[in-house]
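# Examination of the molecular architecture
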Amino acid sequence: MLDRLDLYGKGKLRQQELADSMDWTKSRLSHHLTRMEKRGLVLRKPLETERGVQVITTSAGKSALDDARPVVSMAIREYFLDLLTEQDIESITNLAERTKEKSSSACNTPPS
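To keep things clear, this report deals only with the structure shown in the data block.

Conventions we followed
Per chain, residues are indexed from 1 in the order of the written sequence. The predicted nature of this model means local features are confined to residues of pLDDT at least 70 and side-chain atom pairs, given and counted, to a pLDDT of 80 or more, with totals for whole chains, interfaces and linings taken over all residues. Values shown for side chains rest on all heavy atoms present in the structure; no hydrogens or waters enter the calculation. Secondary structure elements follow DSSP: runs of H or I of four or more residues count as helices, runs of E of two or more count as strands, with numbering from the N terminus. Just to be clear, the radius of gyration here is over C-alpha atoms, and the globule rule we use is 2.2 Å times residues to the power 0.38. Only protein chains enter the accessibility calculation, which uses a 1.4 Å probe. A residue is then buried if its area is under 20% of the maximum for its type, exposed if over 50%, and partly exposed in between. Throughout, a contact is declared for two residues whenever any of their heavy atoms are within 4.5 Å. Candidate patch residues must exceed 30% relative accessible area and have no salt bridge, after which like charges are joined if within 9 Å and Val, Leu, Ile, Met, Phe, Trp or Tyr side chains if within 5 Å. Using a 1.4 Å probe, accessible areas were evaluated by the Shrake-Rupley method; residue-level cover was limited to the displayed protein chains. Whenever Lys or Arg places a side-chain nitrogen within 4 Å of a carboxyl oxygen from Asp or Glu, that contact is recorded as a salt bridge. The directions considered for the arc run from the helix axis to the C-beta atoms.

So, about the overall build of the chain. Within the chain, the regular secondary structure consists of 5 helices and 3 strands. In sequence order, the secondary structure elements of the chain are arranged as α-β-α-α-β-β-α-α. Here the C-alpha radius of gyration of the chain, 19 Å, is well above what a compact globule of 112 residues would show, namely 13 Å. Per-residue burial for the chain yields a buried fraction of 21% across its 112 residues. A separation threshold of at least 6 residues defines the contact pool for the chain, and within that pool the share at least 24 residues apart is 39%.

Right, let's talk about a nonpolar patch on the surface for a bit. Taken together, the side chains of Val72, Ile76, Phe80, Leu81 and Ile92 make up a nonpolar region of the molecular surface, amounting to roughly 430 Å² of accessible area. Structurally, the position occupied by Val72 is in helix H4 (residues 59-79). Since its relative accessible area comes to 48%, Val72 is described here as partly exposed.

Take helix H1 (residues 2-9) next. Looking at H1, one finds that the buried residues are Leu2, Leu5 and Gly9. Each buried residue of H1 sits inside an arc of 85 degrees when the element is viewed along its axis, so together they form one side. Along H1, the residues that are exposed and aim more than 90 degrees away from the buried face are Leu7 and Tyr8. Those residues of H1 that are buried lie in contact with strand E1 (12-14), helix H2 (15-22), helix H3 (26-38), strand E2 (42-46), strand E3 (53-57) and H4. Trailing H1 by a residue or two, Lys10 shows a phi angle of about 50 degrees, which is positive.

This is the structure we're talking about:
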């Protein structure tokens, strides 16, 4: 969740946007944020200009995220990337290129 706050909102997101990005219910997110607030990782503040709540990463949350990133990267490498064969890499690359081409052509095709 801290990574989503960082990637999608530079440390701040409306609570509903955060829930939508994670495909979580409002209740589930609220319970999780309560636990994160108790640990000092996030703050929730009512929006001043409209209804809703903004979730903000604290400095402790940013520090926890920074500490976790190398651990996650190492695990991805150890348990996924290092297990790929040259053929796997070639297949993934081909699939990514096809997906990119299809996405590009769909964006350039006028609606019917």
